[in-house]
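Observations on the model geometry
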Amino acid sequence: MSIASLLIFAGTLLVAAGSPGPSIGALVARVISRGYKDVLPFLLAMWIGEAIWLSLAVWGLAMVAQTFHLVFTIIKYVGVAYLLFLAWKMWTAPVEVHDGALPKENSAGKLFVTGLAVTLGNPKIMMFYMALLPTIIDLSHVSVVGWAELTGVMVLVLIIVDLFWIVLAAQAKRFLRSTRAMRIANRTSATMMAGAAAAIATR
C-alpha cells in the first residue's frame, strides 16, 4: 500500500470512527458509569469487530456478509437487547458512594461479547467498510501485506479515537462525587446506552 492510500484511509476512518455513534455512546456510557479500568475487553471486541468488517471488504466477501445476513441480524438484535439490559441496570443502579467506589464491574467475557455485538451489528461500521472503503481504496489490488497494513492503520486510528473518548468520559466522571451527581450520571449513561441500542435497531 502506498503512503498516500494509507493516509487517505486513516483520515477517512478518523472522521468516521471519531463521530459519535452507537459504539462511542456505549463506550462513553460505560466509562462514566463504571470507570475505565475494566473497559479493555469491550475495546478489544470493538477493534476485532472492525477488523472482521475490514477483512470481509478487502477479500471481496461482501457477498458472504449478504448471504449470512440473518446471522448478522441476530447478532445485531442480541446486542440491542443486552444494551437495553445494561441501560436498565444503570438507570436502577444504587447511587450510594463509599470511598469513591463504583458498583461492581461486569465480567470480562460479558463486556467482550457486548463490544463484539455492538460492532458487528452497527450499520454505520458495516456501511463504512462495505460501501465507503471501496471508493477510497482499490480493494481488487490489495495483497496480504496490504491487508495487514490497513489493519495496522485501522487499529492505530481506533486506539487514538477510543482513548480520546475514554479520557473525555473519565474527566467528566471525576466530578461525580455526590449521590445526586451519581444518580444523574447513571441515568444519563442509561439514556446514552438506550439511545445506542435504538440507533442500532432502527438502521
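Reading guide: rules and limits
Residues numbered from 1 in each chain as written. Predicted model: local features only at pLDDT ≥ 70, side-chain atom pairs only at ≥ 80, totals over all residues. Heavy atoms only, no water. Helix = DSSP H or I, 4+ residues; strand = E, 2+ residues; numbered from the N terminus. Buried < 20%, exposed > 50% of the residue type's maximum accessible area, 1.4 Å probe, protein only. Contact = heavy atoms within 4.5 Å. Axes fitted to C-alpha atoms, helices over the stretch in contact; angles between N-to-C directions. Parallel < 35°, antiparallel > 145°, perpendicular 65-115°, else oblique. Left-handed = near helix turned anticlockwise from the far one by under 90°. Nonpolar A, V, L, I, M, F, W, Y, C, P; charged D, E, K, R; others polar. Phe/Tyr/Trp six-rings, centres within 6.5 Å; stacked < 30°, edge-to-face > 60°. Expected span 1.5 Å × (residues − 1). Patch = residues over 30% accessible without salt bridge, like charges linked within 9 Å, V, L, I, M, F, W, Y side chains within 5 Å. Areas by Shrake-Rupley, 256 points an atom, 1.4 Å probe, with all protein chains shown as cover. Salt bridge = Lys/Arg side-chain N within 4 Å of Asp/Glu carboxyl O.

**So, the overall build of the protein**
Scanning the protein for helices and strands turns up 9 helices and 0 strands. Each helix and strand of the protein, ordered N terminal to C terminal, gives the series α-α-α-α-α-α-α-α-α. Taken across its 203 residues, the protein has 45% of its residues classed as buried. The contacts in the protein between residues at least 6 apart in sequence include a share of 90% that link residues at least 24 apart.

**A look at the packing of helix 3 (residues 40-58) against helix 7 (residues 123-136)**
Running from amino to carboxyl end, helix 3 crosses helix 7 at an angle of 25°, the nearest separation of the two axes being 9 Å. Judged on the interaxial angle alone, helix 7 and helix 3 are roughly parallel. Crossing hand, helix 3 versus helix 7: right-handed. In this structure, helix 3 uses Glu-50, Trp-53, Leu-54, Leu-56 and Ala-57 to contact helix 7, whose residues at the interface are Ile-125, Met-126, Tyr-129, Met-130 and Leu-133. Across the contact of helix 3 with helix 7, the residue classes break down as 9 nonpolar, no polar and 1 charged.

**Topic: the packing of helix 1 (residues 3-18) against helix 7**
Closest axis-to-axis distance for the helix 1/helix 7 pair is 12 Å, and the angle between their directions is 155°. Here helix 1 is positioned roughly antiparallel relative to helix 7, judged by the angle of their axes. Relative to helix 7, the crossing made by helix 1 is right-handed. Side by side, helix 1 and helix 7 meet where Ile-8, Phe-9, Thr-12, Leu-13 and Ala-16 of the first sit next to Lys-124, Phe-128, Tyr-129, Leu-132, Leu-133 and Ile-136 of the second. Of the residues contributing to the contact of helix 1 with helix 7, the split by class is 9 nonpolar, 1 polar and 1 charged.

**Considerations on the packing of aromatic side chains**
Using the criterion set out here, one finds 2 aromatic pairs in the structure. Plain terms: the ring middles of Trp-59 and Trp-147 are 6.4 Å apart, the flat faces sit at 45° to each other, and that makes the pair tilted. Here Trp-59, found in the loop between helix 3 and helix 4 (62-67), pairs with Trp-147, found in helix 8 (residues 144-173); they are 88 residues apart in sequence, far enough to count as distant. The exposure class assigned to Trp-59 is partly exposed, which follows from its relative accessible area of 40%. Taking relative accessible area as the criterion, Trp-147 reaches 27% and is therefore assigned partly exposed. Between the aromatic rings of Phe-164 and Trp-165, the centroid separation amounts to 5.6 Å while the plane-to-plane angle is 75°, which identifies the pairing as edge-to-face.

**Looking at the environment of Ile-137**
With respect to the helices and strands, Ile-137 occurs in the loop between helix 7 and helix 8. Each C-alpha atom of the pair Ile-137 and Met-1 lies 9.5 Å from the other, and the pair is 136 residues apart in sequence.

**Considerations on helix 6 (residues 108-120)**
For helix 6, which comprises 13 residues, the first-to-last C-alpha distance of 18 Å matches the rise-based estimate of 18 Å (1.5 Å per residue) to within 8%. For helix 6, the complete set of buried residues consists of Leu-111, Thr-114, Gly-115, Ala-117, Val-118, Thr-119 and Leu-120.

**Some points on a nonpolar patch on the surface**
Taken together, the side chains of Leu-40, Leu-44, Ile-48 and Ile-52 make up a nonpolar region of the molecular surface, amounting to roughly 310 Å² of accessible area. Following the sequence through the fold, Leu-40 ends up in helix 3.

**Describing the environment of Gly-35**
Residue placement: Gly-35 occurs in the loop between helix 2 (22-34) and helix 3. Its relative accessible area of 7% is what places Gly-35 among the buried residues. For Gly-35 and Ala-170, which are 135 residues apart along the polypeptide, the C-alpha to C-alpha distance reads 6.9 Å.

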